[in-house]
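The lines below spell out each chain.
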Amino acid sequence: MEYTHLSEFALRPGGLTLWHPELHPGRGWAPDDRPLTSVHAQYCRETDAGDPRPGRGRWIGTIFELDAPFDAGHWRTTVRLWHARHEGLRTTVDCDGPEPRRLVCAPDAVAVADTPVPAVATPEAIHAYLAEALEVRLSPLVWPHCLLATVEHPETGDFTVLVAADHSVMDAYSQAIVILELRTLYREVTRGEQVRESITFGSPADFAALERSSAAALTPGCEPVRLWQRFLAGSGGMLPRFEPAIAPGSGQPSVLPQTSVSRKLLPLNELELIEEAITARGHRLSVAVFAALAIAYRRAYGYLSLRAIMPIATRPDLQWLESMGWFVNVVPIDITLAPDPDPDSALEATRTALRKSRVANNATWTRALELLDCADRPRFGISFLDIRVLPDYQLVEALRGHTLRSESYSGDEVFFWVVRAADGLRFSTRFPAAFPAAEMDRFLAEFTRAIGEFAGQPPADRVRVVGPDHTSTADSARITTAVAPDSTVSDGLRESAGDPALAGVLLTSTSEFADAGRDAHLAPEHEAGRRPAPAVAVATPALAGAEPGRASRSGGVCDRTGQPGAVPDPAGQGSALRTEAPRVDADAANPVAAQLVSAPAQG
């Protein structure tokens, strides 16, 4: 599954129709006392109600080919039932007061309208038409916040489906699971079968109440906020940037869209050899990815530390396993390596740095920054996703499933999405138009070289036997635990719910988080219904003989050496989200990281 722009999807010609929900005559919106999440409320406050293109740089979506003949009536019913199922899609906001308020409509209040566009039939014309429509019509302030399109292909007896939404009602995990959900729902409708009901389609509004309670419990002295404080201090009180891309005027929007790159860096056979070597060293692919990024950042540009934000999925209970909504938090990562690290020390330092970020898992990042008087927004973010944790990922690949991001016009944002795909290692990025593409190519070459170096033979004393408690990311075997035996959870999700790779999810990208090597503390934007385990932070070891830090152009010294202060176990400080749970084994597999889905990061 690639994470690309709509224009990069090889669309086949056909008959285009737009689909959107609307309220039945006489039906309306009702105020709801449940709050918006912190990030949703901030997102609405920062949106210009007069912007003629509110979706520009904001909408996200999914496109795939549905392997069934197109029937307009059945599809209309499918879309209506989908909206009835998900309260998040039947939610909008009232921004007339000092704080945005939630409005909801009843499941039976929604009808579905269609708009055929017969004059637009070629791939190029469809791409252009949809890009324009989505930028103009999708907004966090105006319902509907989700639009769909179909392109019928009569000659092959199937059709292409586009689902596009404002970020306020969809995150990266939602983008991934909607493919099979709509396929299953359409099949049930066409066959006249009973539509599956489940406790796992919980409302994002219920999660929002939980999140706001947790955010209110944060204080300036609690450990998660102190972690953020130390992180901000490393870049002059601001969130870190991708330093090489900073230039005079880069903080202003560009007239040109950002450059987008989506590339397969390693074929499957080479990647599997690397995975075997990494497992023998006692680590996971996700740790190797972040370590290789840090090495490449140093080799290409001379920076000692890789500092960025990382989105994590926040689905802390089974009830939100299949929900459509925006379940996301952001944590800081700061990876500092020795000047010329060997593979094992680089992996261990990276694992330690990623474990350190766990302290902030349950702490709402917008509230933490507010307590620290930081009004900055994320400019540099990294996500990793192992696509194999998604149910029936091979079917998703067969349906040509792609997750989409809209074109950004930021002059200073850089985001990476690294995906362990079914066919190898894929890398997607967007970066300012003013930053030379050749410079990013150089960075990607260094990253590919660095991750390949982990395939070297590890010292004998580093080799670990991977058994039932140390499941290899390359091992497709599942360790299944009991999930409700009835049909309330789909087969694929029932199997995944017992996967140790998904244990201990706070929530999480896409996606869905960075497995800190042998820890299962961060899960994908696919959380499997288990509640989070207590967070434990570990001090980063001193880096003996490290070279002086290179000054950060965004303020302060971005890259520093020496030993950061030890972070004690916060014992759940400042987190109302934390619930009692058995400690997840430190060696349980967790091969996945969420795709970037924070609001400012756009996802």
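Cut-offs used in this document
- Residues numbered from 1 in each chain as written.
- Predicted model: local features only at pLDDT ≥ 70, side-chain atom pairs only at ≥ 80, totals over all residues.
- Heavy atoms only, no water.
- pLDDT = per-residue confidence, 0-100.
- Contact = heavy atoms within 4.5 Å.
- Helix = DSSP H or I, 4+ residues; strand = E, 2+ residues; numbered from the N terminus.
- Expected span 1.5 Å × (residues − 1).
- Buried < 20%, exposed > 50% of the residue type's maximum accessible area, 1.4 Å probe, protein only.
- Pairing = 2+ DSSP bridges.
- Axes fitted to C-alpha atoms, helices over the stretch in contact; angles between N-to-C directions.
- Core = buried A, V, L, I, M, F, W, Y, C linked by side-chain atoms within 4.5 Å.
- Polar contact = N/O pair within 3.5 Å; in protein donor to acceptor, adjacent residues only side chain to side chain.

A. Quick look at the confidence of the model for the protein chain. For the protein chain, the mean per-residue pLDDT works out to 80, and 76% of the residues sit at or above 70. Residue range residues 460-603 is modelled with pLDDT below 50. Its contacts to residues more than four positions away, or to other chains, number 478 contacts.

B. Quick peek at the environment of A149. As for its placement among the helices and strands, A149 is situated in strand β8 (residues 146-153). Distance from A149 to L130, taken between C-alpha atoms, is 8.5 Å for residues 19 residues apart in sequence. When sequence neighbours within four positions are dropped, the list of residues in contact with A149 reads L16, T17, L18, W19, L130, T160, V161 and L162.

C. Representation of helix α7 (residues 268-280) in the model. With 13 residues, α7 should cover 18 Å at 1.5 Å per step; its first-to-last C-alpha distance of 18 Å lies within 8% of that length. Here α7 has its buried residues at L271, I274, E275, A277, I278, T279 and A280. Lining the buried residues of α7 we find β10 (259-267), α8 (285-301), β15 (414-421), β16 (424-431) and α12 (437-453). Directly after α7, the chain includes G282, whose backbone phi takes a positive value near 90 degrees.

D. Broad picture of the environment of R405. Along the chain, R405 falls in strand β14 (residues 402-405). Residue classification places R405 among the buried positions, given a relative accessible area of 1%.

E. Expanded view of the sheet that holds strand β9 (residues 158-165). Reading across from one edge, β1-β14-β4-β9-β8-β2-β7 is the order of the seven strands in this open sheet, with mixed pairing throughout. The open sheet has two edge strands, β1 (3-4) and β7 (110-116), and neither has a second partner. By the bridge criterion, two bridges tie β1 to β14 in an arrangement that is parallel. Pairing of T4 across the sheet is with L404, part of β14. Along the sheet, helix α4 (residues 172-191) makes contact with β1, β4 (60-66), β8, β9 and β14, crossing β4 at roughly 40 degrees.

F. Broad picture of the sheet that holds strand β3 (residues 30-32). One open sheet holds the three strands; their spatial order is β3-β6-β5, and the pairing between them is antiparallel. In this open sheet, the two strands that pair with only one neighbour each are β3 and β5 (91-94). Strand after strand, the sheet turns through a mean of 45 degrees between neighbouring axes, direction not considered. Across four bridges, the pairing between β5 and strand β6 (residues 101-104) is antiparallel. Note that in β6 the partner of T91 across the bridge is V104.

G. Fine view of the nonpolar core. One finds W75, W82, F443, F447 and I451 to be the most contacted residues of the largest nonpolar core, which totals 117 residues. At 14 residues, α8 tops the list of elements feeding residues into this core. In this structure W82 touches L89, C146, L148, V163, M170, V178, E181, L182, L185 and M324, once residues within four positions along its chain are discounted. Judged by nonpolar contacts, the second largest core, of 19 residues, contains F9, W59, I63 and V151.

H. Geometry of the side chain of D171. When you line up the elements, D171 lands in the loop between β9 and α4. Given a relative accessible area of 0%, D171 falls into the buried group. Here the side chain of D171 touches R315 through a polar contact of 3.1 Å, side chain to side chain.

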